[in-house]
Structures are given as structure tokens and as C-alpha cells.
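# An overview of the molecular structure
Read off the chains here:
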Amino acid sequence: MFYKERRSNTMAQSNNPAQRLLTILDAARKCPDGKAEDAWSVLLSVEQGDKPQLLRRLGLLLDLPYQIKEQIMNINDIQHDVYLKWMPAVQTSFSSINLGRNFNEFRNPLSDHTIYGLEVCSELLSRHSAEKILNPADLQKLGSEVTGLLDSLHDADLAPDLKLFIVTRLDEIHQAILDYEFAGPKPLRRVVGSVVGSVLFEKEKYGRFARTEHHKAFWTIIGRAALIVTIVSGTLQITDGLKKLLPERDVPDFEEITIEMQDVEQAAEAELHVSN
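All of the points below concern the structure found in this document. Remember, predicted model here, so these are calculated numbers, not experimental data.

### Some thoughts on the overall build of the protein chain
For the protein chain, the helix and strand inventory stands at 15 helices and 0 strands. Burial status across the protein chain gives 47% buried among its 276 residues. Across the protein chain, every contact between residues at least 6 apart in sequence was considered, and the portion connecting residues at least 24 apart equals 71%. Taken as a whole, the protein chain presents about 14100 Å² of accessible surface, with 50% of it coming from carbon and sulfur.

Here you go:
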């Protein structure tokens, strides 16, 4: 029953790192006894036996307390130590993580007081630094477009360096979508910003890619991801060059978004219209 329940929990309502950590730890306390590797695979939505992915997801989990502490310390006029009283118990649990041993060694230090402390933190961060929540359907649609283009590129007649360059960008987007449940919107925002910024420094590659049949699909994906990130954070600056690449039905009222990064805009437009 636990495994079925955990796989159905997508953390779709999480808007801060404390809530993400709380959800995982609360599920961990209900996890049946057994090998830690099996329990963590379920808790972190990793296929059984995929240890590299499991270790990577554990890395995301271990980073959550530090994200929480950083955000709490940035809030003025509160007693920071009171809101962080849960940290020693969580750090004790984290220090005992051993995939080959019984999961109880991780779970035992987690008390009701620890969970309550995280609940208080989550409530505070929800009021002071809440992340906007992504629509799971939007992420699913974006993920489908990414995997579809990756499949098309698999047998595409592209120069090896160009194929690797584009596939790497798509893989990064795909991984950010998969990690949203545990890492929130920042990885996706980071990837979109990296792609937009790289137009300035990889003009030759983008110029060659613009001559292929796949470039419109790629930039439609980037445009859709940019819209999702903008809705999430309200801080991503979308350029006219990117706006022209978005499907018309998905274009919001861009008058509400500040247009900046003129150099990126000019470079993107120049490179993306090579084939015109």
C-alpha cells in the first residue's frame, strides 16, 4: 500500500523547499522496514536498480535543508534559531544514510517535533518566498515534446558535435522536468536561461542548427519552457526574438513582462533567421 500511495504523490502543491522536504520525510516515517536502497528508490521515484539516478536524487534531497536555512535567514524580524530547531535531527538522519542497511537507521531520529518544525517553516516560507506552482499538465506536455524531439534527433543526419550540443540541452530540460517534484522550478529556469544566454556564445552552432528541419521544434520547446518559467517566477525576461518562436495560442499578454537582454535578442534573431 505504501508504495502505491507514494507513487501517486506528485508534490504538485509544494511551493517551497521546506514543504518538499516535509513531504519526503513524512512519507519516510510511514515506509515499511527493509533495505534502505529499496525504500529510497520508491520515495524518490527512481526505478529499482538505477543507482546513479538514485544517488543524484539523494543529492537533491540533501540540499533541501540548506535551501531552507538560506531562505529563513533572509527573513527579517524573526528568531531564526527557533525556525531551524528541526535541523539537527534531520542532519543526524541524513548522516546515517546507507543504501545497504535497514531504512530504520534513517527514520528513527525523525520525531513528531521534527515534522512539526518543518511544518512551521513551510508555512513561513509560503508567506514570505512562495514559488508559484506549475500545472502538472503543462510539464507533461513539455516533457512529451522534449522526448518526441529527442526521438527524432536520434537518427537525424546531423554533425556529431551539433547533435550532441542540441541533445544535451534537451536532456537538461527533460531532467529538470523530472526533478521538479524534488527541486522545484529553479533547475528549469536555469536551463532556459542557459539556452537563451548561449545564443551569444554559440552562434556558429545555432546558425548551423537553424538550417535543419528540427530547429523550429527546438525553439518551440524553449519558448514553451520560457513561458512556464515566467509564470513560475515572474522574473525571466522574454525577448522579442523568443516571442516570435512561441505558438500563437500560447502567447500571453507580454505587455506585462519587462523586455530586456537586447544583445541576446539581436543575436537570437540573427541566428534563428539564417534559413529565411
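### Points about the environment of Asn74
Locating Asn74 in the fold gives a position in the loop between helix 4 (51-73) and helix 5 (80-83). Separated by 54 residues in the primary sequence, Asn74 and His128 have C-alpha atoms spaced 9.7 Å apart. A distance of 3.2 Å separates a polar side-chain atom of Asn74 from the backbone oxygen of Glu70.

### Some details on the pattern of salt bridges
According to the stated counting rule, one finds 15 salt bridges in the structure shown. Its salt-bridge partner being Lys35, residue Glu37 comes within 3.6 Å of it at the nearest N-O pair. One continuous salt-bridge network, built from bridges that share partners, spans Lys35, Glu37 and Lys51.

### Digging into the packing of helix 9 (residues 136-154) against helix 10 (residues 160-183)
Direction vectors running N to C along helix 9 and helix 10 enclose 155 degrees, while the axes themselves pass 10 Å from each other. The angle between helix 9 and helix 10 places the two elements in the roughly antiparallel class. The handedness of the crossing between helix 9 and helix 10 comes out as left-handed. Counted together, Leu139, Leu142, Gly143, Val146, Thr147, Leu149, Leu150, Leu153 and His154 of helix 9 and Lys163, Ile166, Val167, Leu170, Asp171, Ile173, His174, Ile177 and Tyr180 of helix 10 form the full contact between these two elements. When the residues that make up the contact of helix 9 with helix 10 are grouped by side-chain class, the tally is 12 nonpolar, 4 polar and 2 charged.

### Describing unusual backbone geometry
Phi angles above zero are rare outside glycine, and Ser45 is one such case at about 55 degrees. Structurally, the position occupied by Ser45 is in the loop between helix 3 (36-43) and helix 4. Owing to a relative accessible area of 31%, Ser45 belongs among the partly exposed residues under this scheme. In this model, Asp77 sits at a positive phi of 65 degrees, which is unusual for a non-glycine residue. The residue Asp77 is located in the loop between helix 4 and helix 5 in this model.

### Re the packing of helix 4 against helix 6 (residues 87-95)
It is at 11 Å that the axes of helix 4 and helix 6 come closest, and there the two elements cross at 165 degrees. One element, helix 4, and the other, helix 6, form an angle in the roughly antiparallel class. Here helix 4 and helix 6 pass one another in a crossing that is left-handed. Only Met87, Val90, Gln91 and Phe94 of helix 6 make contact with helix 4, whose side of the interface consists of Leu61, Leu62, Pro65, Tyr66 and Lys69. In the contact of helix 4 with helix 6, the residues fall into 7 nonpolar, 1 polar and 1 charged.

### Topic: the nonpolar core
Leu21, Trp40, Ile68, Trp86 and Phe103 are the most contacted members of the largest nonpolar core, which has 37 residues in total. Of all elements in the fold, only helix 2 (17-29), helix 3, helix 4, helix 6 and helix 8 (112-128) reach the threshold of two or more residues within this core. Of the residues forming this core, the biggest block, 7 residues, is contributed by helix 2. The next biggest cluster of nonpolar side chains, apart from the first, holds 33 residues, and it includes Leu142, Leu170, Ala176 and Phe209.

Criteria and thresholds
- Residues numbered from 1 in each chain as written.
- Predicted model: local features only at pLDDT ≥ 70, side-chain atom pairs only at ≥ 80, totals over all residues.
- Heavy atoms only, no water.
- Helix = DSSP H or I, 4+ residues; strand = E, 2+ residues; numbered from the N terminus.
- Buried < 20%, exposed > 50% of the residue type's maximum accessible area, 1.4 Å probe, protein only.
- Contact = heavy atoms within 4.5 Å.
- Areas by Shrake-Rupley, 256 points an atom, 1.4 Å probe, with all protein chains shown as cover.
- Polar contact = N/O pair within 3.5 Å; in protein donor to acceptor, adjacent residues only side chain to side chain.
- Salt bridge = Lys/Arg side-chain N within 4 Å of Asp/Glu carboxyl O.
- Axes fitted to C-alpha atoms, helices over the stretch in contact; angles between N-to-C directions.
- Parallel < 35°, antiparallel > 145°, perpendicular 65-115°, else oblique.
- Left-handed = near helix turned anticlockwise from the far one by under 90°.
- Nonpolar A, V, L, I, M, F, W, Y, C, P; charged D, E, K, R; others polar.
- Core = buried A, V, L, I, M, F, W, Y, C linked by side-chain atoms within 4.5 Å.

These figures capture arrangement, not role.
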